[in-house]
Amino acid sequence: MMNSQHKLIADEIINELYKHPITTSLRKIPAGNGSAIDLDTIKQKLKQDKYQNLASVFNDLETVWAELVKRNGDDVSSKIASECRKILGKLRNKYDISELPQWCNVVYKVRGLLTNVMTQPPETITQNIPSIGKARPIKPSKSGMSEREMYNFLQASDMIKKDEDHREMIRIVNELQPDIDCSTQDVNVNINELNAETAEALKNYMRTALEKQGLRYPE
């Protein structure tokens, strides 16, 4: 079953699609028209928790567009399908976070490998360059967050899209840690530089901001 966060995203995408008049004819397709699925069916499947992931929802939506063209075979249907794909593409860019976990996993693996290389050099290296064994390990995060908590934090920050939310997060950092150079234009801050108080304040703010959007802070 799809996790609750992705289900909320899928529901939001379907609701946004329903708002576009161009999808009206695709919401309920009469039986006997050779169509295996329509938007109402997808909405019902979401309600019944029949999807395993977001990709399967997107696949069904693509089937709706493709069957429209196959069923009618005219220019109007092709234009409708093309427009629907554009709308879905914009919504996917807005909500899809599938690349973030992969990026975080790579970062954690590289960091671990780098720490091991720095602190445990081969004996032949330390014999020739004694000082190499004194290389400082990577500093732990000041926030005290575990890797999983850091991943959730990064995932949540990626879900925050509104400019006013970004400005408020910048204000929080500037207020609690004025030593961090956080401009009014850029909310990108090294998470390892955040202390526990700042990290907790940002987490609480993001949690509230996401709830207002009908989303949940990753756990």
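Definitions and cut-offs
- Residues numbered from 1 in each chain as written.
- Predicted model: local features only at pLDDT ≥ 70, side-chain atom pairs only at ≥ 80, totals over all residues.
- Heavy atoms only, no water.
- Helix = DSSP H or I, 4+ residues; strand = E, 2+ residues; numbered from the N terminus.
- Contact = heavy atoms within 4.5 Å.
- Expected span 1.5 Å × (residues − 1).
- Buried < 20%, exposed > 50% of the residue type's maximum accessible area, 1.4 Å probe, protein only.
- Polar contact = N/O pair within 3.5 Å; in protein donor to acceptor, adjacent residues only side chain to side chain.
- UniProt positions renumbered as here; feature names shortened; annotations may be inferred.
- Salt bridge = Lys/Arg side-chain N within 4 Å of Asp/Glu carboxyl O.

1. Quick word on the side chain of Ser77
Residue position: Ser77 is located in helix 5 (residues 75-95). In this structure Ser77 touches Leu68, Val69 and Asn72, once residues within four positions along its chain are discounted.

2. What about helix 4 (residues 54-72)?
Here helix 4 contains 19 residues, and its C-alpha end-to-end distance of 28 Å stays within 8% of the 27 Å for a straight helix at 1.5 Å per residue. Listing the buried residues of helix 4 in full gives Leu54, Val57, Phe58, Asp60, Leu61, Val64, Trp65, Glu67 and Leu68. For helix 4, the elements touching its buried residues are helix 1 (4-19), helix 2 (24-27), helix 3 (39-47) and helix 5. Backbone nitrogen of Ala55 and a side-chain oxygen of the N-cap are separated by 3.3 Å at the start of helix 4; the cap is Asn53. At the C-terminal side of helix 4, Gly73 shows a positive phi close to 65 degrees.

3. So, the UniProt feature "domain: Bromo" (unreviewed entry) in the protein
In this structure's numbering, the residues bearing the UniProt feature "domain: Bromo" (unreviewed entry) are residues 37-75. When the span residues 37-75 is considered, its composition is 74% helix and 0% strand, and the gap between its end C-alpha atoms is 21 Å.

4. Observations concerning the pattern of salt bridges
Enumeration according to the criterion identifies seven salt bridges in this entry. Residue Asp60 is joined to Lys45 by a salt bridge in which the shortest nitrogen-to-oxygen separation is 2.9 Å. You can see Asp60 sitting in helix 4 and its partner Lys45 sitting in helix 3, a full 15 residues away along the chain. Residue Asp60 is classed as buried on the basis of its relative accessible area of 15%. Exposure remark for Lys45: the relative accessible area of 23% places this residue in the partly exposed category. Linked through salt bridges whose partners overlap, the residues forming this network are Glu168, Arg171 and Glu175.

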